[in-house]
Structure formats: structure tokens, C-alpha cells
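# Overview (structure and organization)
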Amino acid sequence: MEHMWNTPRLDVFRNILGPMGLLFLSAAGALAQSPPRIPGLQAQHPLNTREVGGLLIEELGCANCHTAWGPAGGSIPRPTAPLLEEVGGRVEPGYLTRFIADPSGTRPGTRMPDLLSHLAPSQRVQVAQDLTHFLVSRASRPFNTDPISADEAQSKQGEALFHRVGCVACHGPATPEPAAAPVADLGHLPAKYSLDSLSAFLFQPLHTRPGGRMPDMGLDRDEARSLASYLLNGVRPPIEIFQVDPQRAAAGRLHFQELGCAACHTELGLTSTLPAPDLASLRPGRGCLVDEGVRVIPNPLTGFRTGPARFGLDPGQRAAIEQALADDAPEHSPSTALARSLTAFNCIACHTREDYGGVAEPLRPHFQTTEFELGDEARLPPGLSGVGAKLTRGWLEQVLFDGASVRPYMLTRMPRFGAANLAHLPDLFEAADPAEEVTLREPKSKWKDEEWQKVARSAGRELVGSEGLGCILCHDFNARPSPGKRGLDLISSPDRLRPAWFMDFLVAPEKLIPGIVMPQSWPDGKAMHEGILDGDTRAQLEAIWLYLSLGRSAPDPPGIRTHGANLEVGSTVRTYRGRSNVAGFRGIAVGYPGGLSYAFNAQNGSLSALWRGEFISVNWNGQGAGNFNPKGRPVRLSEDVAFCRLDSPDQVWPRAPRMDDEQPINPDPLYARDQGYRFRGYFLGELDTPTFMYSSGSVEVEDVSRVVQIEDRTVLRRELHLVAPASETLHMRILTGAIEEHSPTSFQTDDLRISVSTGEAVLRSGQMDPEQEGEHPNGDASLELLLKLSLTEGTTTLILDYELLR
């Protein structure tokens, strides 16, 4: 396998050079630095020189030491430095020493400044080693020093992932002769990580780098390990176990404060003692903006001689920062602030907006699709021009915060940068792209008010069908496959799109999305089908919108496939994803050999149904995700969020929004997210058993269920591992309806018994939906069973046994 990253191979084996070799390399690093690389500034960005300088000041963390400054403007959250609490178990200690002594020589393009450039080479090495002892002493586990052995099959899978999911946008493809140097070089990785630590980082990068500049690509555990195997390439020999010297660790702790490390890396609870003026008083040609001849001053608290941070800025970067410091900061328009944000997070490496950004030409072959006939629209990430006027607020937040997607045919993934990092973007998009308000009304006086909805939806169905405009010839509909091209599902349109944009797009698709493979059905604004709604263009557009607004209850348009299929379970566990009346829009059915099955609502994070017998029926037999329904009679459970933080014992459990024929569109699409729930996907383990991964606030959950035999009873045993960063109380709602207490740890309804292993069970009155959860047979009020979980820092394991009683 070819790698294009250009860090010298010597970097992998520096640990065998010994102190003299490290001394030589440290001295060489003090003489030459590569400038820091901000990925968005390497792309086709729209920022002027002063705006570039402001962005550099933010991205390089200048304001962490130099306070009280505002020229950067905008509302981009200040980047958070990598967390160092566990860095000694994550990063090879020898690499840590080399990186501290020579940051850009060890990792070209790093944003980490050289804080030791003012010291003699021998002292640089000593201080770097002291800091390493301190950081390693903080880790709860040692670095895995085992050699990295190559797994060719796993590495091949990782190579395919790297070039398919979007990594190449920042890191470049692995080609013998790249068209340009990668924005973020990866040649240092074999010297830095073990296979385990790199896999863990790729699986959840925001846990280590919460600033989001390295986003979460939605990898499952197996994908993360395959990608790590490819990036490490099996090249590292065994490494000696690092032994911490307590005296050197104490010296390193002091250096961590007096060098200003604690100004950026705040999570260790230490205070920086490095004196630094505020940004408003900085002047060109001084301090960190000068590479040579800087003044070294003693730390007033410790006497240690400190110098300015040395970033290795190139002349253009230095000039941009100096201009930003010299100019008074004007008020940024929403468009300018948005451009800065899109550049800071390098969104413009994949997305265009107006006349900037987009996938670089040499990288386009790596952006692929399963629906080639749909053209570039199916393989290149969508443009962001006018997106504030295009997308609803709810859908915009789902895309930005949760990585939601309606393009399953696009192989490049939407990164997740962390909701806190992008919380300002929906406001900026809406301010930069004001949306036209549309009032849907009766277009023709010939239809009475009470007739229009019925007339319009019937006409909309006809227009969408194969005998009307033929929309379903290129688009899926309500999870049913199109007989032709497989464009995105039309039924999702009202949830995602604003009506004004939707209608403008139907009339002139090429104008709003240049190059799209979609015909004009209203050329020059005139209806092609004059026999439908008297050829009234506005009436037809509103009719389609009203028809699609029926959501999942919309009747099938003529021409869509509606074939059914029954899915069976073989010798291993079978998992199927799709919509379902027992598990909602993001339902997952899991069937076990032997005939026990359950459904999981991934939208809200709840186990929503169990049944015996045959597995599921799917309402069509094509590829993709059709609607599924249990073949056996299901026992229904609540589809509200399963975990919640209650302020008081009598606080009402937050209810999921309900949809029906009168309310076909989800009135609160952010319900689960507002309760802290995030779904991260799942991975398959032994016998293809799925483990669901999600979070409730800061608590990470892994949720796996297995079928076990207890005496002569078949039980679904659900095992949840909850990882909390700190102690807290969390409630889990596990049963509703007519509940009786069988024992202090066992509760049942007529249909289901649940036993719990830990936690304080609380049985209380609840406000239930009678059609879902029934009423107590004796006329008593419906009940709900909560489990009060007192979580401690670390992992808490909870086991729930579900036993069907019918």
C-alpha cells in the first residue's frame, strides 16, 4: 500500500537514537520550523488578509494567553486544545518528549508552538523529558508497547474506508505522486500511537479533541480498527516501558505552569504562571511574531527563564496577524461570520458556498456514489449557498449536530464536529440567508376551504406518480424504491425543506442547484399538465407539498413498487433497519435464532417492542430499507426517551411527539436531542449480535441484548454499560401501563415481566397514551416504572431481563 505522507521514516525509530540523537534532533528543530497549517486556509476560502489574521489568532490559541481582544469577530467557539489527562496511555512517551522538544519537526504543520526555543539544546531535552514524566504520571494506564503487527486484510479495509468516507478531504489520498502536499500530514502516526489507542481515538475523536477540528466520521469499532491498522501500517518495533520518576514529574508539573502549557490545556486544573500582555497591547515585530532575537525573561514566580511561543509562521501568516492586530475590528456581517466558521472547520473542503469552497479537482474521484446516473449531485456533498433559506431549523440542527443524512447513496459521510462547536451556525445560516415566509392558502376560489385539502392531496398524488410528473421514476417514496434511479426519498421533503424554497426549486431546479439531473416540469413557470388543477402552477406546487406533508400516512403514488417480503432468522442474529409502526422512523428490528425478537427505536433510544415467532415482514423486496412490521404479535413498550435527568421525584417524564393523520409531520424533531440523547450507531459482535451505542448527556451507553435460558424460561437479557465522566443521578424508564410488583427487583404486566439487577426501582403514577399502553384492568391509573441510577465516575453495568408472559 502506498502512503503519501512525508514525515521521514527515521521519526518512527527515534527512540533508539538515545539522548545524544535526541539532543541533535532537538537542536536541528530549533533552527527550522514548518509553518502551522489551518486546513480551511489551504482551501479556496473567501477571507481577506485581516480576516485570515483574525482566524489565525483564534485557531492558534493566542487568546488563551493574551486576553481581552476582539478583532477576530464572529461567534466561532474558541478552539479547545487536546485533553492531556490520559495522554500518557494514549501516546508513546518517547514521541511525547520529541514532540515537546521539537513540535513542528516531529509533526509538520502542527498548531502546537515551540515553547523551548530559547533554551540550549541540552536544557530543551531535559525540560521536555520532565514534562513527559509529568504527563505520563497522570495517566490511569500505561501505553501499550507491543509491536504493531500488520494485518493485511484489515489494512486493506482501512485503506478503502480512508479513501471513501471523506478523510482525503483534509489528509489527501495515498498516491505515489500526490498533486499537492496534504493539509494534515499523517506520517507521524506510527511513532505516536498503538493500534489500540489510535483505534479508540478514531472511534471517538471528540473525547480527546473536543474542539472538533478533527471531527467524528461515524466509524464503528471495527471500522476504526481497520482504519488504524492502515494508518499505522505495521511498522513499529517493540518499545521499552516508560518508568515515571516522581521527582522529574514534579519538575514537569512546574514547567507545565511556568511555560504557559496550562493556559491551553486547562483540564488538568493547573494555572498558567506565564506572564503575557493582553492582545490589544501587542505590536508587530515583537514577541511571538518574531522568530529570532527575542527577549528571554525570568518567570516572576519561579525564576525560570521563559521565551515567547514560536509558531514558525510564514511571512504571509505573520503579516495577516499583524494587520488583524493593527486594525479596529468592524462589525462582521452574518455572511462574513459564516464564511469564517466554514473556513475554521474546513467545511469548504467538501461544500461550496457562493463562489468559494468545494472538492478539489484531484480529490473528486474519491467521492463516490451507488447511484451513478444521478450525477455529481449524488456523490459530491451538497452546496451551502442559500441553505438557511432552504432547510428547516430542525433539520439544519439534526444535520449539523447529529450528522443526519437523506442520501444513503452518497458514500462520503457527514462529519460530526460536536454540537457545542457548531451551536452558532444555525443562527448564522438563517441570518445570512433569510427565508421567504409562505402562507399555504386556497389558490382557486372554486374550491371551498373544506374541500381544498382533499382536492390538493389527491392532485399531489397524481402529479408525483408515474402518470403525472413521474417524480417516483427517479425518487424513492416512503422507503419504497423507485423503479428507476434511486434519488432521495420524497416523503422527507416537508421535514427538511422550507416550502418557499421547495416550490422555487420545482419550478427552476437548475437555477438553485446547477448541474442537477432533474427536468423542468413548469418551463417558464407554466404547468405542463393543464388537466390537473386547471393547470394552475401555484395550485399544483401547493398540492404536491400538501400531499407529501401527510408523511408516512401518505397513500402510495401510482407507479411505486409495493411488493412485500418476509425476513427470516437463520443460525445467527439478524438485524434490519427501517421505518416501523412499533419503532418509529429510525427503527431497528433484531431477531434471534429460536424465535425471540425485539425492536429498538433509534430516534429516541428505547426498546419499543418484543415478540415471539416469525421475525418481520417488509413491504417491498428491493434493496434499502422498507417499512417493517413484526410477524408475531408484539408487546409494545414506550417509545419515549429511555433516560432522563429528573429535577424532582414527581417531575413528568418528557413525552415524545405523537404523529397521526391530523399531524403527519413531527412537530418536535429535536425532542430526543433536547433530552440529551444522541445515537452513535451500532456494531456487530458474536453471532452478529448488535451493540447499540448512544449517549444521554455526558453519559456514554453501550446496549447489547442476548437470549438466555433461565431454567425452562427464555429471557432476553439486556446488558447496558454506562460510562460517566463524573458522579450523577440518571433515571431510566423501563415499563409503563398496568404494572404489578412481583418482587423488589421484578415487575410485570399481563404480557411482560422485567427483572432489574441494580438501581432503585420507583413505581409511580404516569400519564400514558391508552392506545399504546392500556389501562389498569381494575380501573386504577396507569403506572410507570423508573429506575434511579446513582452513577459513579467510570462504568456502571445494568442488567435487565425481559420475559414474555404470552
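Higher on the page you've got the structure.
The following paragraphs examine the structure supplied in this document. Keep in mind that what you see is a predicted model, and the values were worked out from it rather than measured. (Residues numbered from 1 in each chain as written. Predicted model: local features only at pLDDT ≥ 70, side-chain atom pairs only at ≥ 80, totals over all residues. Heavy atoms only, no water.)

### Quick word on the state of the cysteines
Under the defined criterion, the tally for this structure stands at zero disulfides. Here Cys65 stays free of any disulfide, with the sulfur of Cys264 as its closest cysteine sulfur at 5.7 Å. For Cys264, a relative accessible area of 27% translates into the label partly exposed. (Disulfide = S-S within 2.5 Å. Buried < 20%, exposed > 50% of the residue type's maximum accessible area, 1.4 Å probe, protein only.)

### Some points on empty space enclosed by the protein
If a probe as big as a water molecule is rolled over the atoms, it shows which places are left empty. Within the structure shown, the criterion is met by three cavities of 30 Å³ or more. Lining the largest cavity are 14 residues, with Ser606, Leu607, Ser638, Arg733 and Ile734 positioned closest to its centre. Mapped onto the lining of the largest cavity, the elements with two or more residues apiece are β9 (606-612) and β18 (728-737). When residues in the lining of the largest cavity are grouped by element, the largest group, five residues, is from β18. For the lining of the largest cavity, the class distribution of residues is eight nonpolar, three polar and three charged. (1 Å grid on protein atoms, 1.4 Å probe; cavity = no way out; pocket = protein on both sides within 12 Å on 5 of 7 lines; lining within 4 Å. Points joined across faces, edges and corners; volume = space filled by probe spheres on them. Helix = DSSP H or I, 4+ residues; strand = E, 2+ residues; numbered from the N terminus. Nonpolar A, V, L, I, M, F, W, Y, C, P; charged D, E, K, R; others polar.)

### Regarding the nonpolar core
A general trend in soluble globular proteins is that nonpolar side chains are found buried together. Of all hydrophobic cores here, the largest spans 105 residues; its most connected members are Phe256 and Phe477. The leading source of residues in this core is helix α26 (residues 537-548), at eight residues. Setting aside chain neighbours within four positions, we find Phe477 in contact with Ile472, Asp489, Leu490, Ile491, Tyr547, Leu548, Ala554, Pro555, Asp556, Pro557 and Ile560. One finds Leu752, Ile754, Leu787 and Leu804 within the second-largest nonpolar core, a separate group that totals 50 residues. (Core = buried A, V, L, I, M, F, W, Y, C linked by side-chain atoms within 4.5 Å. Contact = heavy atoms within 4.5 Å.)

### Structural notes on the layout of surface pockets
Looking at the second largest pocket, its volume works out to about 1900 Å³. Gln204, Leu206, His207, Thr208 and Glu700 are the residues nearest the centre of the second largest pocket, which is lined by 48 residues in total. Of all elements in the fold, only α5 (87-90), α12 (195-203), α19 (393-402), α20 (419-422), β14 (677-684), β15 (690-696), β16 (699-710) and β17 (713-724) reach the threshold of two or more residues within the lining of the second largest pocket. With five residues, the top contributor of residues to the lining of the second largest pocket is α12. Grouping the constituent residues of the lining of the second largest pocket by class yields 18 nonpolar, 15 polar and 15 charged.

### Brief notes about the sheet that holds strand β20 (residues 746-748)
The strand order β14-β15-β16-β17-β24-β21-β20-β19 describes an open sheet built from eight strands, whose pairing is antiparallel. Edge positions in the open sheet fall to β14 and β19 (740-743), since each of these has one partner strand only. Going across the sheet, the axis of each strand differs from the next one's by a mean of 25°, ignoring polarity. In this sheet, strand β21 (residues 752-756) lies alongside β20 in antiparallel orientation, the contact comprising three bridges. Each bridged residue has a counterpart across the sheet, and for Gln748 the counterpart in β21 is Arg753. (Pairing = 2+ DSSP bridges. Axes fitted to C-alpha atoms, helices over the stretch in contact; angles between N-to-C directions.)

### Thoughts on unusual backbone geometry
One non-glycine residue, Leu533, adopts positive backbone phi at about 55°. One non-glycine residue, Asp534, adopts positive backbone phi at about 60°. Examined against the element boundaries, Asp534 turns out to sit in the loop between α25 (509-512) and α26. Given the relative accessible area of 47%, Asp534 is considered partly exposed.

### Quick notes on the pattern of salt bridges
Should their charged atoms come close, side chains of opposite charge can pair. Enumeration according to the criterion identifies 36 salt bridges in this entry. The partner of Glu728 in a salt bridge is Arg645, with the nearest N and O atoms 2.9 Å apart. Pair noted here: Glu728 is in strand β18 and Arg645 is in the loop between β13 (643-644) and α27 (671-674), with a separation of 83 residues, a long-range link. Here Arg645 falls in the partly exposed class, since its relative accessible area comes to 29%. Here the residues in one salt-bridge network are Arg393, Glu397, Asp427, Glu430, Arg498 and Arg673, joined through shared partners. (Salt bridge = Lys/Arg side-chain N within 4 Å of Asp/Glu carboxyl O.)

### Brief notes about the packing of helix α24 (residues 499-507) against α26
Their axes nearest at 10 Å, the elements α24 and α26 cross at an angle of 125°. By the criterion of interaxial angle, the relationship of α24 to α26 is oblique. Crossing handedness for the pair α24 and α26: right-handed. Where α24 abuts α26, its residues Pro499, Phe502, Met503, Leu506 and Val507 lie against Arg538, Leu541, Glu542, Ile544, Trp545 and Leu548. Of the residues in the contact of α24 with α26, the class split is nine nonpolar, no polar and two charged. (Parallel < 35°, antiparallel > 145°, perpendicular 65-115°, else oblique. Left-handed = near helix turned anticlockwise from the far one by under 90°.)

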